Amino acid sequence: TIRAMVSKPVTQQYPHEKPEMSKAYRSAIKLVNFEETDTHDCIACFLCEKVCPSFCISIEGYKPEGVKRKRATKFDMDFALCSLCGLCLDVCPTDTLEYSSLYDLAEYKRDMFNFDLLDGFREKEDAYLSRARAEQATKDAEKERLRAEKLAAKERAAGEAEEVEEPPQAGE
């Protein structure tokens, strides 16, 4: 007994000490915030919505003008229905979904588990779209320049080929 009294405690004093969750812990899903873009990368492909066996995901999206990829405008998740199977994480083509480390989700009403995963990203969306439009415009200008150079080179080559293959003139 005396040895147990002086040893380090094994239990955590829960409300006062927050537990550290392992990487393998499965909780509600969340959208990943990518540092390069400072936002999520959900392209509203609806694959996670289609593969979900619990039908707890609802997504809406649109294709912004000047940007090649679609963007999600609504990503609702009903965690009261979610079975934490992870199929949505596996099927996501942009790897923008991951498990969160939430561990103390408790509510009195079922509708309190309906979350919009885009809430933390809405204020960053305009800045991202303006950067994406500028990048796309730069890429399009570069493509157009390369296409014009290829076309000019092709025309030059065709002109040189005509000069080389001049037919002999009559009377020579």
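Residues numbered from 1 in each chain as written. Predicted model: local features only at pLDDT ≥ 70, side-chain atom pairs only at ≥ 80, totals over all residues. Heavy atoms only, no water.

1. So, unusual backbone geometry
Thinking step 1. In this structure, Ala 44 is a non-glycine residue whose phi angle is positive, near 50°.
Thinking step 2. Here Ala 44 lies in the loop between strand 1 (29–31) and helix 2 (47–51).
Thinking step 3. Take Ala 44: its relative accessible area is 1%, and that puts it in the buried class.
Thinking step 4. Here Asp 95, not a glycine, exhibits a phi torsion of approximately 50°, which is positive.
Thinking step 5. Of note, Asp 95 is situated in the loop between helix 3 (87–91) and strand 4 (97–99). (Helix = DSSP H or I, 4+ residues; strand = E, 2+ residues; numbered from the N terminus. Buried < 20%, exposed > 50% of the residue type's maximum accessible area, 1.4 Å probe, protein only.)

2. Some remarks on the sheet that holds strand 2 (residues 57–62)
Thinking step 1. The strand order across the open sheet formed by three strands is 2-3-5, and the pairing between neighbours is antiparallel. One side of each edge strand has no neighbouring strand; the edge strands of this open sheet are strand 2 and strand 5 (114–116). Ignoring strand direction, the axes of neighbouring strands in this sheet form an average angle of 15°.
Thinking step 2. In this sheet, strand 3 (residues 71–78) lies alongside strand 2 in antiparallel orientation, the contact comprising six bridges. Within strand 3, the residue paired with Gly 61 across the bridge is Ala 72. (Pairing = 2+ DSSP bridges. Axes fitted to C-alpha atoms, helices over the stretch in contact; angles between N-to-C directions.)

3. Thoughts on a positive patch on the surface
Thinking step 1. On the surface, Lys 63, Lys 68, Lys 139 and Lys 143 cluster together into a patch of positive charge.
Thinking step 2. Residue placement: Lys 68 occurs in the loop between strand 2 and strand 3.
Thinking step 3. By relative accessible area, which is 52% here, Lys 68 ends up exposed. (Patch = residues over 30% accessible without salt bridge, like charges linked within 9 Å, V, L, I, M, F, W, Y side chains within 5 Å. Areas by Shrake-Rupley, 256 points an atom, 1.4 Å probe, with all protein chains shown as cover. Salt bridge = Lys/Arg side-chain N within 4 Å of Asp/Glu carboxyl O. Lys, Arg positive; Asp, Glu negative; His and termini not counted. Charge placed at Lys NZ, Arg CZ, Asp CG, Glu CD.)

4. Some words on the packing of aromatic side chains
One pair of aromatic rings is described through two measures. These are the centre distance and the angle between the planes.
Thinking step 1. This model, assessed by the stated rule, comprises two aromatic pairs.
Thinking step 2. On the basis of an interplanar angle of 75° and a centroid distance of 6.1 Å, the ring pair of Tyr 14 and Tyr 103 is categorised as edge-to-face. Residue Tyr 14 is found in the loop between helix 1 (2–6) and strand 1, and its partner Tyr 103 is found in the loop between strand 4 and strand 5; the two are separated by 89 residues along the sequence.
Thinking step 3. A relative accessible area of 27% places Tyr 103 in the partly exposed class. (Phe/Tyr/Trp six-rings, centres within 6.5 Å; stacked < 30°, edge-to-face > 60°.)

5. Points about the pattern of salt bridges
Thinking step 1. Applying the stated criterion to the full structure yields 11 salt bridges.
Thinking step 2. With a shortest N-O distance of 3.7 Å, Asp 41 and Arg 69 are connected by a salt bridge. Here Asp 41 is found in the loop between strand 1 and helix 2, whereas its partner Arg 69 is found in the loop between strand 2 and strand 3, with 28 residues between them in sequence.
Thinking step 3. For Arg 69, a relative accessible area of 41% corresponds to the partly exposed category.
Thinking step 4. Its salt-bridge partner being Lys 74, residue Glu 60 comes within 3.5 Å of it at the nearest N-O pair. Placement of Glu 60 in strand 2 and of Lys 74 in strand 3 is noted, with a sequence separation of 14 residues between them.
Thinking step 5. You can call Lys 74 partly exposed: its relative accessible area is 22%.
Thinking step 6. Within the structure, one salt-bridge network assembled from shared partners comprises Glu 60, Lys 74 and Asp 76.

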